[in-house]
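# Results of the structural survey
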Amino acid sequence: MWDFIWNDFLVTGEPIIYGAMASIVLATVGIVFVLTYFKLWKWLWDEYLTTVDHKKIGIMYIIAALAMLFRGGVDALMMRTQLALPNMNFLNSVHYNEIFTTHGTVMILFMAMPFIIGLMNVAVPLQIGARDVAFPFLNAFSFWTFFFGAMLFNISFVIGGSPSAGWTSYVPMAGPELSPEINQNYYLLALQLSGIGTLATGINFLVTILRMRAPGMTLMKMPIFTWSALITSIIIIFAFPILTIALALMTLDRIFGTHFFTLAGEGMPMMWANLFWLWGHPEVYIVILPAFGVFSEVISTFARKQLFGYKAMVYAMCVIAGLSFVVWVHHFFTMGAGAGVNSLFSITTMLIAVPTGIKIFNWLGTMYKGRIRFNVPMLWALAFIPNFTIGGVTGVMLGMASADYQYHNTYFLIAHFHYVLIAGTLFGMFAGLTYWYPKMFGHKMNEKIGKISFWFTVIGFNITFLPQFFLGLMGMPRRTYTIEPEWMPLNLLSTAGAFILATGFVIFTFNIYYSARYEPREKTGDAWDGRSLEWATTTPVPHYNFATIPYVNSHEAYWDMKETGATTYDESKLEPIHMPSYKGLPIIMSAIMFMASFGLVWHWFWLAIPGLLGVIICMVIRSFDFDEGYHVPIDEIKRTEEQARGRKE
Amino acid sequence: MSEHAELKTGPLEYRREDGPLTILGFWIFLAAEVVLFSTLFATYAVLFGRYGDATPAHELFEMPMALTMTFLLLVSSFTCGIAVHMMRKESLKGLVIWLIITLALGLGFLGFEIYEFVHYVHEGATIQSSAFWSAFFTLTGTHGLHVTLGVFWCTAIIIQLIRFGLTPVIARKTFIIGLYWHFLDVVWIFIFTAVYLIGMVV
């Protein structure tokens, strides 16, 4: 027993891991102590763990995403340290493999996606004038499955060992013969668990946006961020079931001995690559389109102009969504599919540059003759345009199948997708967070610290990734744990850049703490002279969002309201507002699913089977739950609104 | 969530404002299920004929068995339609009876499927035999699991109907299980064609 725990269950033998274990234990003890000492358990349970309020769920998503940004960031710094000089002995090859795998997986699935879904949760219902999402209970369930999925993935580095076959988990590398340890199971089950929640989010937001818009808001009058959330939801609904099946098939291969991707039994390893990227390429647009939505909102607000080419922006997103499903083969041009197939996918890939280019010109058009304010969200949006364009242009270079034989699996590719994903998604999320921050927390983020963090990030980002284009052309392969002497100068530069970039993130996080303590409280609710409905309600936003819902005439609903003097608090139209009750079941059910998944990871059927039964019991409990929620009485609405609008105390 | 004002006319399941919302959500969920099964069908097509050392499919597949299963499931879809028709006529008794008949036919289908699987395993074709058999058992097994879930789900709804009567909420749930059941039938038609018919010929 003790032998099993020490040799197999826990990861042993590395000082870094011991340090991690100690810090996990200390952090857990610290959190439990603080919660107990300040008697916060009940508050935490009542206000957050059981919440079905989309604003709070959004905040929890964003906090979790920032934590994962830190985790994936530490992975990145460890990799860059190992690669700074030839023959470094900081990480051994196995540990290095684990770290690049977890860095990729965590950053895409447990940082970028939840960050985006968090912002969607915060902004979309407010932008369309809704009081909540269509299925609040399901929304809470989505968050908790994501959260427990992320936890399952993260415990792997101290319990059992992290997956090490890359975030794409190509077979046979990730199969049972070459990765017989349990570590790959963590990847499969953690992604499966959080994928359930993502699919539910997609359905939830599609129904919310289609059915719960304010009166008068036709599809072509929706704010552009809501449009991006709509398109993203559709991509999620069509892409995630493919991942579900791909993961399930590999799980069957690894745990139950089937032959989908094996070399024995006439299985087809290449089918994994096809299934993975048939989901994985749309996934790229799941994380980039909402960022485009954020930039459109931010640029229009801070250029003080209507978004240029609104309809073109919408159609461009639709075209991108369609094309995203027909380009997946460009991830493996070198597999030997033949010239015909490669040419077809080369053309579809390059076609994506057309709608994306239209969007870039529309952003520039929005700024043309605008009276631009250089606040922090706008700075992120401005930095996005040139940096993302570098990523896009190198993407077209990679999209040429014949040329790709040269760049394939080199640092050129690494540089390309970091230019797209950091300059696109991450800058977008930082822009969105600083933009909606006053709506979420009732105060702005500090501008000065924000600008310092912005410059560290942008400069560090370019120092890190620009040299990698040249390293790729010099032939440095990706996923190598040690470098040749001739690659040393550029690698050293890149590593130095990574630490500057990390400093930017640290300052960004410090800004959250600083702003919470010292920034003046936001009173009007309209922090940036906004143009869409989320700025029409008070700050902090009442739990029912809008006391009365206005009639919408254009895609800049609040801008019109400000001109006509309309309000979201029309006393004559007040009615009791129906709200759903808070529920503990989503977190409990997700925790049970976590247990069942953990059991499957270890092939412990004595834990997995009761876990699955527990899930079914939870579903029955939910089916027999006839709780109708409650109504907020008119008196309470009046009191809340008048206090928030400063009319009476 | 909006007000739960109840309409006085129209189908029962649409009378509360959350009725159409939930039903639309379920339609979208079914769209995701279509993608899920499409992926499994594609996998099956890719791995078709890859038997390795295992028995080929046409030596095991039997038309009477496949036809019986198809018949049971198709009829259960029909009886499920009658059940919803009974609901429209606000006949609680008729609804429950036809749902129970549907359940019995579904259980019959499952019985045959389990018998079929056991039979194949005895003949030496298991999920571990080769890529083809992995794909076969996973595709039909996933459909079978969906039917099993549907049986439990439908049982829960029959209990609710008997205990709480025909309210708009339970009508909505009944309508949704109906959609689910028809969907499983549609998937089976594809399985019958792509797996059994083609498997017996090629």
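In this report, the structure presented in the accompanying data block is examined. Every chain begins its residue count from 1, and numbering advances along the sequence as written. In the order they appear in the text, chains get letters beginning with A and ligands get numbers beginning with 1. Reporting in this predicted model follows two pLDDT cut-offs: at least 70 for local features of residues, and 80 or more for side-chain atom pairs to be given and counted; totals over whole chains, interfaces and linings ignore these cut-offs and use all residues. Excluded from the side-chain calculations are hydrogens and water; all other atoms, namely the structure's heavy atoms, are used.

### Observations concerning the interface of chain A and chain B
Two residues qualify as a contact provided that any one of their heavy atoms is within 4.5 Å of a heavy atom in the partner residue. Between chain A and chain B, the residue contacts involve 40 residues of the former and 38 residues of the latter. The buried area of a pairing is the accessible area, by a 1.4 Å probe, that goes missing from both parts when the two are put together, added over both. Here chain A meets chain B over a buried area of about 3,400 Å², counting both sides, of which 71% is carbon and sulfur. Where A:Glu628 meets B:Arg16, a salt bridge forms, and the shortest distance between an N and an O atom there is 3.0 Å. Two N or O atoms form a polar contact when they lie within 3.5 Å of each other; inside protein one atom must be a possible hydrogen donor and the other a possible acceptor, and for residues adjacent in sequence the pair counts only when both atoms belong to side chains. Counting across the chain A and chain B interface gives 9 residue pairs in polar contact (both at pLDDT 80 or more). If you list the elements that add at least two residues to the side of chain A that touches chain B, you get α7 (183-211), α8 (224-256), α9 (269-302) and β1 (577-579) of chain A. By the criteria applied, helices consist of DSSP H or I runs no shorter than four residues and strands consist of E runs no shorter than two, each listed in order from the N terminus. For the side of chain A that touches chain B, the leading source of residues is α8(A), giving 9 residues. Salt bridges are counted wherever a side-chain nitrogen of Lys or Arg sits within 4 Å of a carboxyl oxygen of Asp or Glu.

### Observations regarding the environment of A:Met60
Residue and element names in this part refer to chain A. Mapped onto the secondary structure, Met60 falls in helix α4 (residues 54-83). Whether a residue is buried, partly exposed or exposed follows from its accessible area with a 1.4 Å probe, protein chains only, as a fraction of its type maximum: under 20%, in between, or over 50%, in that order. A residue is classified by how much of its surface remains accessible, and Met60, at 11% relative accessible area, is buried. Each C-alpha atom, one on Met60 and one on Gly118, is 7.5 Å from the other, the two residues being 58 residues apart in sequence.

### Notes on the packing of aromatic side chains
Stacked, edge-to-face and tilted labels apply to pairs of Phe, Tyr and Trp rings (six-membered ring for Trp) whose centres lie within 6.5 Å, assigned for plane angles under 30 degrees, over 60, and everything in between, in that order. Following the criterion strictly, the structure yields 92 aromatic pairs over all chains and no others. Ring centres of A:Phe4 and A:Phe9 lie 6.1 Å apart, and the angle between their planes is 40°; on these two criteria the pair is classed as tilted. A:Phe9 sits in the buried class, given a relative accessible area of 18%. Both rings, one in B:Phe117 and one in B:Phe137, keep their centres 5.0 Å apart while their planes meet at 75°; by these two values the pair is edge-to-face. Of this pair, B:Phe117 sits in helix α3 (residues 92-122) while B:Phe137 sits in helix α4 (residues 131-164), and the two are 20 residues apart along the sequence. A relative accessible area of 8% places B:Phe137 in the buried class. A cation over a ring is seen here: A:Arg71 above A:Phe157, with NZ or CZ 4.9 Å from the ring centre. Between A:Lys444 and the ring centre of A:Trp528, over which it is positioned, the NZ or CZ distance is 4.3 Å. A ring is scored as having a charge over it whenever the NZ atom of a lysine or the CZ atom of an arginine sits within 6 Å of its centre and within 35 degrees of its normal.

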